[in-house]
Amino acid sequence: MNDLDVLKVFCAGDGRYGNLLGVVRDGAKYPDDAARQALAAELGYSETVFVDDPERGVVDIRTPGTRMAFAGHPLVGVAWLLDIEELRPPAGAVWARDDGEFTWITARAEWVEDKRTEQYASAAEVEALPAPPPGEGWLYAWAWEDERAGRIRARGFPRRPDGAIVEDEATGSAALLLTAQLNRALNITQGAGSQILTAPGPDGTIDIGGRVRFAD
């Protein structure tokens, strides 16, 4: 598919891991809702982004089953790919920057919908969880690896009825929510080894950063 870029977002320092993201640079090729949702379901990534205006940063974010107003790893990935300073998902304007290693977006915790965080006693307990754990609703399971240093071990479980994504490798929106709850900068290892960095801002916004690479 010539108009599709596949990225890994929130990679580890050696370029491994990261959450796969499909980006359709020319969203006009999929003009209606049904076509976009069908492609997102066919690709099967946790999210696929359709770029509707690359200059203004207007984007449409889809999971295999629905449209999203905001999502973290898709916006970090698109910011890196398009190299622009502002993105416009349905939730609102998202500022973006690149520091050479990490790509950052600035967003708000109130944009995160239908996710719940739950603290566990240890990183080992988080790692031992079945995929998915029993229960309903989107769960971000986390524990301190080093509280003083702000290092966290996390795993994300959508637990959607369709079961399309059993475990999310790296979840920017959940990391944003957890950062707002703890009100401090975090260095999160999620999934098999993805890395997410966050920092709360003075105006209620939160920065989310990570490495992005083209998928092999």
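Residues numbered from 1 in each chain as written. Predicted model: local features only at pLDDT ≥ 70, side-chain atom pairs only at ≥ 80, totals over all residues. Heavy atoms only, no water.

### Let's talk about the layout of surface pockets
- What the largest pocket holds in volume is close to 300 Å³.
- For the largest pocket, the lining is made up of 16 residues, of which Thr-66, Met-68, Glu-113, Asp-114 and Lys-115 are closest to its centre.
- By residue class, the composition of the lining of the largest pocket is seven nonpolar, four polar and five charged. (1 Å grid on protein atoms, 1.4 Å probe; cavity = no way out; pocket = protein on both sides within 12 Å on 5 of 7 lines; lining within 4 Å. Points joined across faces, edges and corners; volume = space filled by probe spheres on them. Nonpolar A, V, L, I, M, F, W, Y, C, P; charged D, E, K, R; others polar.)

### Here's the deal with the nonpolar core
- Ranked by internal contacts, the top residues of the largest apolar core, which has 45 residues, are Ile-105 and Tyr-140.
- Examining the composition of this core, we find that six residues originate from one element, helix α2 (residues 72-82), more than from any other. (Core = buried A, V, L, I, M, F, W, Y, C linked by side-chain atoms within 4.5 Å. Buried < 20%, exposed > 50% of the residue type's maximum accessible area, 1.4 Å probe, protein only. Helix = DSSP H or I, 4+ residues; strand = E, 2+ residues; numbered from the N terminus.)

### With respect to empty space enclosed by the protein
- Evaluated as defined, the whole model comprises one cavity of 30 Å³ or more.
- Its volume calculated, the largest cavity comes out at about 100 Å³.
- Taken together, 17 residues line the largest cavity, and the ones lying closest to its centre are Glu-47, Lys-115, Asp-168, Thr-171 and Ser-173.
- Of all the secondary-structure elements, those providing two or more residues to the lining of the largest cavity are α2 and α4 (172-182).
- Top contributing element to the lining of the largest cavity by residue count: α2, with three residues.
- Considering only residue class, the lining of the largest cavity consists of seven nonpolar, six polar and four charged.

### Considering the side chain of Arg-62
- On the secondary structure map, Arg-62 appears in strand β4 (residues 58-62).
- The class of Arg-62 is buried, set by a relative accessible area of 3%.
- In terms of polar contacts, Arg-62 uses its side chain to reach the side chain of Gln-37, at 3.0 Å.
- Among the polar contacts made by the side chain of Arg-62, one reaches the side chain of Asp-60 at a distance of 3.0 Å.
- Excluding its chain neighbours within four sequence positions, the residues that come into contact with Arg-62 are Asp-33, Arg-36, Gln-37, Ala-40, Ser-46, Glu-47, Thr-48, Phe-50 and Arg-67. (Polar contact = N/O pair within 3.5 Å; in protein donor to acceptor, adjacent residues only side chain to side chain. Contact = heavy atoms within 4.5 Å.)

### Some remarks on the packing of aromatic side chains
- Enumeration over the complete set of coordinates arrives at five aromatic pairs.
- With 5.7 Å between their ring centres and 55° between their planes, Phe-70 and Trp-111 make a pair best called tilted. Here Trp-111 lies in the loop between β8 (103-108) and β9 (115-119) and Phe-70 lies in the loop between β5 (67-68) and α2, a separation of 41 residues in the sequence.
- Overall, the relative accessible area of 4% leaves Phe-70 in the buried class.
- Among the residues examined, Trp-111 registers a relative accessible area of 18% and is labelled buried.
- Seen from their ring centres, Trp-80 and Phe-214 are 5.1 Å apart, and the 65° between their planes marks the pair as edge-to-face. Of this pair, Trp-80 sits in helix α2 while Phe-214 sits in strand β14 (residues 205-214); the two residues are 134 residues apart in sequence, bridging distant segments of the chain.
- For Trp-80, a relative accessible area of 25% puts it in the partly exposed group.
- The ring of Trp-138 has Lys-115 lying over it, and the distance from NZ or CZ to the ring centre is 4.9 Å. (Phe/Tyr/Trp six-rings, centres within 6.5 Å; stacked < 30°, edge-to-face > 60°. Lys NZ or Arg CZ within 6 Å of the ring centre and 35° of its normal.)

### Here's the deal with the side chain of Arg-211
- Considering the arrangement of structural elements, one finds Arg-211 in strand β14.
- Arg-211 gets classed as buried once you look at its relative accessible area, which sits at 7%.
- A distance of 2.9 Å separates the side chain of Arg-211 from the side chain of Glu-101, its partner in a polar contact.
- Dropping the residues within four chain positions of it, Arg-211 is found in contact with Lys-8, Val-9, Phe-10, Cys-11, Ala-12, Gly-13, Glu-101, Phe-102 and Gln-195.

### Points about α4
- Among the 11 residues that make up α4, eight are buried, leaving the element largely enclosed by the rest of the structure.
- Those residues of α4 lying buried are Gly-172, Ser-173, Ala-174, Ala-175, Leu-176, Leu-177, Leu-178 and Thr-179.
- Looking one or two residues beyond α4, the residue adopting positive phi is Asn-183, at roughly 55°.

### With respect to the environment of Ala-121
- Within the secondary structure, Ala-121 is located in the loop between β9 and α3 (123-127).
- Separated by 22 residues in sequence, Ala-121 and Ala-143 have C-alpha atoms that sit 6.2 Å apart.

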